[in-house]
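Examining the three-dimensional arrangement
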Amino acid sequence: MSAADGPARGHTAATLYEAAVAAEGPGRYAMDVGIRATWPGARVAAPAFTVQGAGGDNLALQHAILEAPAGSVLVADVNGADWGHWGEVLAVASQFRQIAGLVIDGGVRDTVEMAELDFPVFSRHVSVRGTRKLFRGALGVPVQVGAVTVHTGDLVVADADGVVVLPQHVADRVLDTADERVAKEADIIRRLKAGESSLDIYGLAEAGRG
Ligand SMILES: O=C([O-])CC(=O)C(=O)O
Ligand SMILES: [Mg+2]
C-alpha cells in the first residue's frame, strides 16, 4: 500500500462503490463515466478541495493550488468545457505543494508529461486549446463534478475504473464494509482456484430458470 492509498486503506474505486451501496443504500457515490484517468495507471485517494471555475479559464485552479491543504486532491467544476485547463506547469506547481491530484469536469492537456510526473489527473476531455486567466472563481464551496455534488473534505478515490466520492460522515462505515468485502472476495478467489464454479459459490446454479 503506497502513501497515496492511506485514506482509502488501499481499496479500489470499484470496491468502494459496492461497499457504499451495501453500507448506505443507493446513492450517487460515483462520477459519471465521462470522467476518466488521463493516463494509464493514474490513481489517487485523498480528501477533496473543491474549485468552482469557469469553462475556458484556469485562474481559479491557479489560486486553488495555493489554498488547498497538502495531501488534498483538487476537485474542479469548469462546466464540462473542452479546453486544456491544466497541464505540466500546473502539475509541477501542485507537486511542489504536495497536492495529490486533480479531478476536473472539463479538459486538460500535457497528458504525457503528467504521466511522466506521476501526477494523477482525471478529466472529461483532453484538449490542446489553452485557456484565459480572468475568473478567480470560488474555492471550498460545494461543486457539481461528474454529476456528483462534492464538498471539501469528502474522500475521493479515483483509478482506472472511475471516480468515487464518499462524504466524510459515511467514509469510515464504507471503508469497514470494503474491508469485509475484500476478505470475502479473497475467500471466493481461493475457492475458484480450487476448482469450484462461481455459480455454486454464489448459489446461482438455478438462477434465471424462470
Ligand atoms: O498553462 C496553462 O494554462 C495550462 C497548461 O498547459 C499547463 O499548466 O502546463
Ligand atoms: Mg502546458
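A quick note: this is a predicted structure, and the numbers were derived from the prediction, not measured.

**Description of the overall build of the protein**
Each helix and strand counted, the protein has six helices and 10 strands in total. Referenced to the eigenvectors of the C-alpha coordinate spread, the extents of the protein come out at roughly 60 × 35 × 35 Å. Taken over 210 residues, the protein has a buried fraction of 43%. Looking at the protein alone, contacts between residues at least 24 apart form 75% of all its contacts between residues at least 6 apart. If you sum the accessible surface of the protein, you get close to 10,300 Å²; carbon and sulfur atoms cover 54% of it. With 18 positive and 26 negative side-chain charges, the protein shows a separation of 2 Å between the mean positions of the two kinds.

**A short note on the site of ligand 1**
The environment of ligand 1 is made up of Asn58, Trp86, Gly87, Glu88, Val89, Leu90, Arg109, Asp110 and Lys133. Protein burial of ligand 1: of its 260 Å² of free accessible surface, 86% is covered by the chains. In terms of residue class, the shell around ligand 1 is made up of three nonpolar, two polar and four charged.

**A look at unusual backbone geometry**
One non-glycine residue, glutamine 98, adopts positive backbone phi at about 60°. Within the secondary structure layout, glutamine 98 lies in the loop between α3 (88–96) and β4 (101–108). Glutamine 98 gets classed as exposed once you look at its relative accessible area, which sits at 58%. In this model, aspartate 118 sits at a positive phi of 60°, which is unusual for a non-glycine residue.

**A short note on the UniProt feature "binding site: Mg(2+)" (unreviewed entry) in the protein**
Taking the numbering used here, the UniProt-annotated feature "binding site: Mg(2+)" (unreviewed entry) corresponds to Asp110. When you line up the elements, aspartate 110 lands in the loop between β4 and α4 (111–117).

Cut-offs used in this document
- Residues numbered from 1 in each chain as written.
- Chains lettered and ligands numbered in written order.
- Predicted model: local features only at pLDDT ≥ 70, side-chain atom pairs only at ≥ 80, totals over all residues.
- Heavy atoms only, no water.
- Helix = DSSP H or I, 4+ residues; strand = E, 2+ residues; numbered from the N terminus.
- Buried < 20%, exposed > 50% of the residue type's maximum accessible area, 1.4 Å probe, protein only.
- Contact = heavy atoms within 4.5 Å.
- Areas by Shrake-Rupley, 256 points an atom, 1.4 Å probe, with all protein chains shown as cover.
- Lys, Arg positive; Asp, Glu negative; His and termini not counted.
- Charge placed at Lys NZ, Arg CZ, Asp CG, Glu CD.
- Near = heavy atom within 4 Å.
- Nonpolar A, V, L, I, M, F, W, Y, C, P; charged D, E, K, R; others polar.
- UniProt positions renumbered as here; feature names shortened; annotations may be inferred.

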